[in-house]
Amino acid sequence: MGDYGIAMSSDPVIPQARGIRRNGPVKVVVVSGPTAVGKGTVVSALSRKHPEIVISRSVTTRPPRPTERDGIDYDFITPEQFDDLVDGDGLLEWAVVHNSHRYGTPRKPVEKAVADGRTVILEIDLQGARQVRKTYPQATQVFLAPPSWDELVHRLIGRGTETPEEQERRLQTARVELANADEFDAVVVNDTVDHAVASLVELLSL
Ligand code: 5GP
């Protein structure tokens, strides 16, 4: 991938598609995966097809991108508001992602969805996935993988929303995430959105 001048060592191994199906009463689904792999796009497409699914909306201290809307993509909050949520046990999980901003999953909407017997999807990073594994061991944990390292780099640079330094930081995190894909119940390769959505529908028995 030398063309992009970003990766410093050899390209990471990309995990292959695989999966087990969990049909427990708790329908918490974690979707994780490296930067720019298309988690948001895939989860939105899935929710258009299955509007009964609850998509957890995270809180973050990261400032919004120009295309993002508060209360839709995230609840964009101040560090003080984040502290209050942590202190009040209002978050199911939270993490500092890419060594920069804090992101967390509000606890109540997830608990309500579980109580209502609905499927709820959490789009969160590896650290958050590990925390949810403790709270909801029956949750299905899905890792969304890119078809190749080059493609991932291409998608990240192509969307043009990060500075080169931020891109580099995100690719370093991506290496760690790809190396830990074995922890997940399933790996879905996002080669096309339609294909990834179809894999999720099958995996989650929707
Ligand atoms: P972005 O800044 O690109 O929106 O998100 C950066 C990373 O933060 C992504 O890997 C995303 O999955 C993760 N993320 C988003 N919301 C949460 C959350 O509530 N908790 C955790 N642990 N990670 C999150």
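Structure first, text after, so check above.
Chains are numbered independently. Their residues run from 1 in the order of the written sequence. Two thresholds apply to this predicted model, a pLDDT of at least 70 for residue-level local features and 80 or more for giving and counting side-chain atom pairs, whereas whole-chain, interface and lining totals are computed over all residues. The basis for every side-chain value is the complete set of heavy atoms in the structure, and neither hydrogens nor water enter the calculation.

Participant: Can you explain the packing of aromatic side chains? Please cite residues and give values.
Facilitator: In this scheme Phe, Tyr and Trp rings, the latter by its six-membered ring, pair at centre separations within 6.5 Å, and the angle between planes marks the pair as stacked below 30 degrees, edge-to-face above 60, and tilted otherwise. Counted under the stated rule, the structure contains four aromatic pairs. Taking 5.7 Å as the distance between ring centres and 75° as the angle between the ring planes, the aromatic pair formed by Phe82 and Trp94 counts as edge-to-face. A residue pair is termed long-range when its members are at least 10 positions apart, and Phe82 in helix 2 (residues 79-87) and Trp94 in strand 6 (residues 91-97) qualify at twelve residues. Only protein chains enter the accessibility calculation, which uses a 1.4 Å probe; a residue is then buried when its area is under 20% of its type maximum, exposed when over 50%, and partly exposed in between. With relative accessibility at 0%, the residue Phe82 sits in the buried group. Residue class for Trp94 comes out partly exposed when judged on its relative accessible area of 32%. Joined through ring pairs, the aromatic side chains of Tyr74, Phe76 and Tyr103 make up one cluster. Labels follow the DSSP assignment, with helices taken as runs of H or I lasting at least four residues and strands as runs of E lasting at least two, numbered in each case from the N terminus.

Participant: Break down the side chain of Thr61 for me, with residues and values.
Facilitator: Tracing the backbone through its elements, the reader meets Thr61 in the loop between strand 4 (59-60) and strand 5 (75-76). A relative accessible area of 17% means that Thr61 is categorised as buried. We call two residues in contact when some of their heavy atoms are within 4.5 Å. Discounting residues that sit within four places of it in the chain, Thr61 has contacts with Ile77, Thr78, Pro79, Phe82, His101 and Arg102.

Participant: Report on helix 5 (residues 149-159), specifying residues and quantitative values.
Facilitator: Buried within helix 5 we find Trp149, Leu152, Val153 and Leu156. When helix 5 is viewed along its axis, its buried side chains cluster within an angular range of 95° and face the same direction. As used in this structure description, the phrase polar contact means that two N or O atoms lie within 3.5 Å; if the pair is within protein, one of them must be able to donate a hydrogen and the other to accept it, and residues adjacent in sequence are counted only when both atoms belong to side chains. Backbone nitrogen of Glu151 and a side-chain oxygen of the N-cap are separated by 3.1 Å at the start of helix 5; the cap is Ser148. Read the arc as the range of directions from the helix axis to the C-beta atoms.

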